[in-house]
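Structure at a glance
What follows is the residue order along each chain.
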Amino acid sequence: MTTAAEQRRTHTVAAARADARGQAGTPADAMPYVPASSSPYRPDGISAESLTWAETVAPGAYAHHGIARGTRFRLDDPTGDACAHLFLLRADAPWERLNVADTQKIPWQAYLGPGHPLLSGDGRVLATIVADSSGRHDAFCGTSSEAWNRAKYGDAQPQGASPAGQPLLALAAGKHGLTSRDVGPSVSFFQGVRVEPDGTLGWQGSAGPGTSVDLIAELPLIVLIANVPHPLDPRPGYVVGPLRIHAWRSQPTGPDSEHFHASPERTRAYLNTIDDWESRA
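Calculation rules
- Residue positions are given per chain, counted from 1 along the sequence in the order it is written.
- Only residues with pLDDT of at least 70 are given local features in this predicted model, and only at 80 or more are side-chain atom pairs given and counted; all residues enter the totals for whole chains, interfaces and linings.
- The side-chain quantities take in all heavy atoms of the structure and omit both hydrogens and water.
- For salt bridges, the criterion is a side-chain nitrogen of Lys or Arg within 4 Å of an Asp or Glu carboxyl oxygen.
- Working definition: helices are DSSP H or I runs of at least four residues, strands are E runs of at least two. Numbering for both runs from the N terminus.
- Throughout this description, buried means an accessible area under 20% of the type-specific maximum (1.4 Å probe, protein chains only), exposed means over 50%, and partly exposed covers the range between.
- A pair of strands is labelled paired if DSSP reports no fewer than 2 bridges between them.
- Residue contacts are defined here by distance: any two heavy atoms, one from each residue, within 4.5 Å place the two residues in contact.
- Helix axes are fitted to C-alpha atoms over the stretch in contact, other axes to C-alpha atoms as well, and angles between N-to-C directions run from 0 to 180 degrees.
- By this rule, a helix spans an expected 1.5 Å times one less than how many residues it contains.
- Residues adjacent in sequence count toward polar contacts only when both atoms are side-chain atoms; beyond that, a polar contact is any pair of N or O atoms within 3.5 Å, and within protein one must be able to donate a hydrogen and the other to accept it.

A look at the pattern of salt bridges
Any two side chains of opposite charge can pair if their charged atoms end up close together. Scanning all chains against the criterion turns up 12 salt bridges. Here Arg 90 and Asp 276 are joined by a salt bridge, their closest N and O atoms 2.7 Å apart. Remark: Asp 276 occurs in helix 6 (residues 264-280) and Arg 90 occurs in strand 4 (residues 84-90); sequence separation between them is 186 residues. For the pair Arg 90 and Asp 276, one class covers both residues: buried. Linking Asp 276 and Arg 280 is a salt bridge whose minimum nitrogen-to-oxygen distance equals 3.0 Å. Of this pair, Asp 276 and Arg 280 both sit in helix 6, 4 residues apart, which is roughly one turn of the helix. Through salt bridges with shared partners, a single network forms among Arg 90, Asp 92, Glu 96, Arg 124, Asp 276 and Arg 280.

Section: the sheet that holds strand 2 (residues 61-67)
With respect to topology, 5 strands assemble into an open sheet ordered 2-12-4-8-7, the strand pairing being antiparallel. Looking at strand neighbours, the two that pair on one side only are strand 2 and strand 7 (137-138), the edges of this open sheet. Pairing between strand 2 and strand 12 (residues 221-227): 7 bridges, direction antiparallel. Directly across from His 65, in strand 12, lies its bridge partner Val 223. Here helix 5 (residues 165-174) sits on the sheet in contact with strand 2, strand 4 and strand 12, set at roughly 145° to strand 12.

Examining helix 6
End to end, helix 6 covers 25 Å across 17 residues, agreeing with the expected 24 Å (1.5 Å per residue, within 8%). For helix 6, the full list of buried residues reads Arg 266, Thr 267, Ala 269, Tyr 270, Thr 273, Ile 274 and Asp 276. Buried residues along helix 6 sit against strand 4, strand 5 (117-119) and strand 6 (125-132).

A short note on helix 5
Looking at helix 5, one finds that the buried residues are Gly 165, Pro 167, Leu 168, Leu 169, Ala 172 and Ala 173. Buried positions along helix 5 lie against strand 2, strand 4, helix 4 (146-153) and strand 12.

Re the environment of Gly 70
By secondary structure assignment, the location of Gly 70 is in the loop between strand 2 and strand 3 (71-77). In sequence terms Gly 70 and Ile 225 are 155 residues apart; their C-alpha atoms lie 19 Å from each other.

Describing the environment of His 137
The residue His 137 is located in strand 7 in this model. The class of His 137 is buried, set by a relative accessible area of 3%. Put simply, His 137 and Tyr 111 are 26 residues apart on the chain and 7.3 Å apart in space, counted from C-alpha to C-alpha. Among the polar contacts listed, one links the side chain of His 137 to the backbone nitrogen of Gly 135, at a separation of 3.5 Å.

A few points about the sheet that holds strand 6
Across the sheet, 6 strands lie side by side as 1-13-3-11-6-5; this open sheet has antiparallel pairing. If you trace the sheet from one side to the other, it starts and ends with strand 1 (51-57) and strand 5, each paired once. Sheet twist, expressed as the mean angle between neighbouring strand axes with direction ignored, is 20°. Two strands pair when backbone bridges link them, and strand 5 and strand 6 are joined in this way by 3 bridges, in the antiparallel orientation. Counted as the bridge partner of Leu 118 is Ala 127 from strand 6. Set on the sheet, helix 6 makes contact with strand 5 and strand 6; between it and strand 6 the angle comes to about 125°.

Laid out in structure tokens, this is it:
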């Protein structure tokens, strides 16, 4: 409810303008930091000048950004309750996008971790996980749907108290001229899932506060992220914490990397990626 004092501060256009301008430079709990070098949470060892994207994503919100090939981006879970549902599209050819089935199949590994490539359906690597202090991730379930959130929380609207992941990813895609039809199944970080001996999916939850995941963009990417509870989270409330994102200039995975030669299938995927990129140069 708006207080009388707040109403007085904005009761005319001039007063509202003065109030808005008076808040300039005041940091919020969740916001993009522009320029990225102004981030108050800059990762250790990373110069402010090298940052190309810095943002804190509120619980129940989304983020999106275009990043260049060779960009390293870090997702941080400061409270232990973030859940970053990630979808990737190739920026210079957005019909090429994350394929979760191939991301599990090509490395012969269903569980995400260091060295794991995130693949497109064209046999190319969109990004590689290069560091991980969490180990609690999921490539099985995707993000939450509107029907799921309505059934569990009573609401799923993006502007409501319990937004669902799918419409948030669609909103993020729309910022790049895309629609919900361009968004497929996502992977999620910081809330783990494992297959139980009987074949059911078991929720592991978080590894705790202060963990992070680093990825390298192997091609220019459109990065879409929804920060919402995992669909298997058994807690009755809408529990999710803030997510921090930082990106900086680095190098794509090359033949001198151990990830490049981790298996014959991965080597082929990286070679496919390099060959296609160089053919377009």
